[in-house]
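Residue-level listing of the chains:
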Amino acid sequence: MTTLRAVICGVGAALPPRVVTNDELSAYLDTSDEWIRQRTGIRTRRRVDPGTATADLATEAGARALASAGVTDVDAVVLATATPDRLVPATAPEVATRLGLTGVAAYDVAAVCSGFVYGLASAAGLVATGDFRRVLLIGAEAYSTIIDPKDRTTAAIFGDGAGAVVLRAGGPGEPGAIGPVDLGSDGSLVELGMIPAGGSRQRSAGGTAAPEDHYFRMQGGDMYRHAVTRMTASASTALDRAGWRLSDVDRFVPHQANARIAAAVAERLGLTGDQLVSNIEHVGNTAAASIPLLLAQAAADGRLRPGHRVLLAAFGSGATWGATTLVWPEVGAVPIPS
Ligand code: UT7
């Protein structure tokens, strides 16, 4: 029996037009352009204007990925996001309908910054059943909507955006085939990154949450250390499972948490700066959107070319982590917002 693999055949992205500079943040926060650049590598990030939500970015990125794949229909839409339009229901069905895909399976994946890698595993599982010929996987965030404007730690890092891939059923040896996926979690680290209010924990306690409790809180230093350790270990495991050596890797596409985290993981793995692909300077940390947005931009500007052997790795709140490998395929070109 042939093993069915999920094979990337299209990619797309979307960014809200509003650019927020470090100087703009420094005007009302105790921070500076120099601090943010040196400690995170970020110069600008995008933010949605009031009225724009995750589904809007997801729909735009999804439409571009479908165009890139040259298809109009899929059998499932999977949306990785930490900022769904509403707590209930999932956002994916609305995105599917707006893409003209009413009737298909549609669900959200909640793994914060690891969401896209978790989504790849989920989509690969759907394809492996033989019942889903094509899956649209989107990572999208309006992360600024959960950022406390008074919190310099999170306000400096996070941005909004979306990226998407179309996956079709194919064989393991094909360019674009998702390799073995390593996934992991450690729920004892929940305090490192969380929104305290809004869910059943706070509601069942009967208390009234303070408005600030609806914002994302992060213990940056501990998150940083765990991100480096876990992403390095997960990337190594994914390489082992794929039967790849380090010298096989042409491009390392890590979740864009912080430029220093990506560089530290690359260094620990023994990769050179040439292999490391990044966009954090211009878009910040876009959580579940980070990897597909970077894949789309790098494919569009030639940093990622057909035949490149690519290593993906992510770490997010939860804590969750994951990594996988693929050979970058030929995909149809799409205009990527700069
Ligand atoms: O996407 C996955 C989840 N997120 C991450 O993986 C993010 C991981 N963490 C980080 O990227 C970094 O920890 C930060 C960028 C958040 C902070 O950088 P750091 O070099 O780790 O600084 P730190 O947390 O050790 O804090 C050092 C100081 C603190 O001040 P005190 O307590 O020493 O007085 C912070 O309050 O830097 C302060 N600080 C800032 N100062 C100016 C934190 N954010 C800022 C800021 N501007 N924006």
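Rules and cut-offs
Residues numbered from 1 in each chain as written. Predicted model: local features only at pLDDT ≥ 70, side-chain atom pairs only at ≥ 80, totals over all residues. Heavy atoms only, no water. Near = heavy atom within 4 Å. Polar contact = N/O pair within 3.5 Å; in protein donor to acceptor, adjacent residues only side chain to side chain. Areas by Shrake-Rupley, 256 points an atom, 1.4 Å probe, with all protein chains shown as cover. Helix = DSSP H or I, 4+ residues; strand = E, 2+ residues; numbered from the N terminus. Nonpolar A, V, L, I, M, F, W, Y, C, P; charged D, E, K, R; others polar. Pairing = 2+ DSSP bridges. Axes fitted to C-alpha atoms, helices over the stretch in contact; angles between N-to-C directions. Contact = heavy atoms within 4.5 Å. Buried < 20%, exposed > 50% of the residue type's maximum accessible area, 1.4 Å probe, protein only. UniProt positions renumbered as here; feature names shortened; annotations may be inferred.

## Considering the site of the ligand
In the vicinity of the ligand lie 22 residues, with Thr-31, Arg-152, His-255, Asn-258 and Asn-285 positioned nearest. Between an oxygen atom of the ligand and a side-chain N or O atom of Arg-152, the distance comes to 2.8 Å. Within the side chain of Arg-260, a nitrogen or oxygen atom sits 3.2 Å from an oxygen atom of the ligand. Coverage of the ligand by the protein chains reaches 73% of its 930 Å² of free accessible surface. Of all the secondary-structure elements, those providing two or more residues to the shell around the ligand are helix H2 (33-40), helix H6 (152-157), helix H8 (220-242) and helix H9 (259-269). For the shell around the ligand, the per-class residue count stands at ten nonpolar, eight polar and four charged.

## Quick look at the sheet that holds strand S4 (residues 76-80)
Pairing between the strands of a sheet comes from backbone hydrogen bonds, and it takes one of two forms, parallel or antiparallel. The strand order S1-S7-S6-S4-S5 describes an open sheet built from five strands, whose pairing is mixed. Looking at which strands have only one partner, the edges of the open sheet turn out to be strand S1 (5-14) and strand S5 (105-109). Taken pair by pair, the neighbouring strands of this sheet meet at an average axis angle of 20°, ignoring direction. By the bridge criterion, five bridges tie S4 to S5 in an arrangement that is parallel. Each residue of the ladder has a partner; that of Ala-76, found in S5, is Ala-105. Lying over the sheet, helix H3 (residues 54-69) contacts S1, S4, strand S6 (134-141) and strand S7 (161-170), oriented at roughly 125° with respect to S1. Along the sheet face, helix H11 (residues 290-301) touches S1, S6 and S7 and points at about 80° away from the line of S1.

## A closer look at unusual backbone geometry
Going from Val-88 to Pro-89, the amide bond is cis rather than trans, its omega being 0°. Here Pro-89 is to be found in the loop between S4 and helix H4 (92-98). The step from Gly-318 to Ala-319 runs through a cis peptide bond, and the omega angle for that step is -10°. With respect to the helices and strands, the residue Ala-319 is situated in the loop between strand S12 (309-316) and strand S13 (320-327). Its identity as a non-glycine residue notwithstanding, Val-112 has a phi of 50°, on the positive side. In this structure Val-112 comes out as buried when scored by relative accessible area, which is 19%. For Ala-287, which is not glycine, the phi dihedral falls at a positive 50°. With a relative accessible area of 1%, Ala-287 lands in the buried category.

## A look at the UniProt feature "domain: Beta-ketoacyl-[acyl-carrier-protein] synthase III C-terminal" (unreviewed entry) in the chain
Mapped onto the present numbering, the UniProt feature "domain: Beta-ketoacyl-[acyl-carrier-protein] synthase III C-terminal" (unreviewed entry) falls on residues 239-328. Helix makes up 34% of residues 239-328 and strand 22%, with an end-to-end C-alpha separation of 15 Å.

## Quick notes on the pairing of S6
Where a strand is regular, its side chains alternate between the two sheet faces. Counting buried positions over the eight residues of S6 gives eight, a clear majority of the element. Here S6 shows no split at all, with Arg-134, Leu-136, Ile-138 and Ala-140 on one side and Val-135, Leu-137, Gly-139 and Glu-141 on the other all buried. The pairing of S6 with S7 spans eight bridges and is classified as antiparallel. Note that in S7 the partner of Leu-136 across the bridge is Val-166.

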